[in-house]
Amino acid sequence: MQNDQELLISIGQITTTQGISGEVRVLPLTDFPERFDKLKQVILNQNGELTSWAVESARQHKQFILLKLAGMDDLNQARRFRNALIQVPESELIPLPDGQFYVFQIIGLAVYDEDGAYLGQIKEVLRTGSNDVYQIINEDNKELLVPALREV
């Protein structure tokens, strides 16, 4: 499996089954859905219970990935994993260009203004379409929304 200390990152979520042979339909939670084509192994996180699975095949179908896991060979077995998160160790993430970060790397960061005054901590990254927005919560539990733009 993976090093017990290594962070697991969710790259998809099983939404339902596909057919009767154990294939599952996955909603990608990654900006790189093509990564499923190269996966050899994944970890399923079903309510905190982790199980490792070898990947037999993956193919795109509309906005989903159809995933066949080795040993998951029937509809009833696949149904048990509905809503499970598909995770990989952090070391298997696709490298990003300099200056770009994964959302999980941003959550929890402290935010300061140009004068060094503490503004709060990033609680969430909101996807708006045009640009992301950082939801910052200050010490008084008040929200500040800041667009994720270089000039800001």
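An account of the accompanying structure is given in this report.

1. Examining the pattern of salt bridges
Then, in step 1: Following the criterion strictly, the structure yields four salt bridges and no others.
Then, in step 2: A salt bridge links Arg127 to Asp31; the nearest nitrogen and oxygen atoms lie 3.3 Å apart. One end of the pair, Arg127, is in strand β8 (residues 118-127); the other, Asp31, is in the loop between β2 (23-28) and β3 (41-46), with 96 residues separating them in the sequence. Accessibility classification places Arg127 together with Asp31 in one group, the exposed group.

2. Focus on the pairing of β3
Then, in step 1: Pairing of β3 with strand β4 (residues 49-61) involves six bridges; the strand directions are antiparallel. Looking at β4, one finds that Gln46 is bridged to Glu49.
Then, in step 2: Connecting β3 to the next strand, β4, in antiparallel fashion are two residues, including Asn47 with a positive phi near 55 degrees.
Then, in step 3: Across three bridges, the pairing between β3 and strand β6 (residues 85-89) is antiparallel. Within the sheet, the bridge partner assigned to Leu44 lies in β6 and is Ile86.

3. Notes on the nonpolar core
Burial of nonpolar side chains together is a common tendency in soluble globular proteins.
Then, in step 1: Within the largest apolar cluster, 22 residues are counted, with the highest numbers of intra-cluster contacts made by Ile14, Val26, Val42, Leu44, Leu69, Met72 and Ile86.
Then, in step 2: Of all elements in the fold, only β1 (8-18), β2, β3, β4, β5 (64-69) and β6 reach the threshold of two or more residues within this core.
Then, in step 3: In contact with Ile86, not counting residues within four places along its chain, are Ile9, Ser10, Ile11, Gly12, Ile14, Val26, Phe36, Val42, Ile43, Leu44 and Leu67.

4. Notes on the packing of aromatic side chains
Then, in step 1: In the structure shown here, the tally under the stated rule is three aromatic pairs.
Then, in step 2: Judged by centre distance (6.0 Å) and plane angle (25 degrees), the rings of Tyr102 and Phe104 are stacked.
Then, in step 3: Classification of Tyr102 by relative accessible area gives buried; the value is 16%.
Then, in step 4: By relative accessible area, Phe104 is classed as partly exposed at 28%.
Then, in step 5: A cation over a ring is seen here: Arg25 above Phe64, with NZ or CZ 5.3 Å from the ring centre.

Conventions we followed
- Residues numbered from 1 in each chain as written.
- Predicted model: local features only at pLDDT ≥ 70, side-chain atom pairs only at ≥ 80, totals over all residues.
- Heavy atoms only, no water.
- Salt bridge = Lys/Arg side-chain N within 4 Å of Asp/Glu carboxyl O.
- Helix = DSSP H or I, 4+ residues; strand = E, 2+ residues; numbered from the N terminus.
- Buried < 20%, exposed > 50% of the residue type's maximum accessible area, 1.4 Å probe, protein only.
- Pairing = 2+ DSSP bridges.
- Core = buried A, V, L, I, M, F, W, Y, C linked by side-chain atoms within 4.5 Å.
- Contact = heavy atoms within 4.5 Å.
- Phe/Tyr/Trp six-rings, centres within 6.5 Å; stacked < 30°, edge-to-face > 60°.
- Lys NZ or Arg CZ within 6 Å of the ring centre and 35° of its normal.

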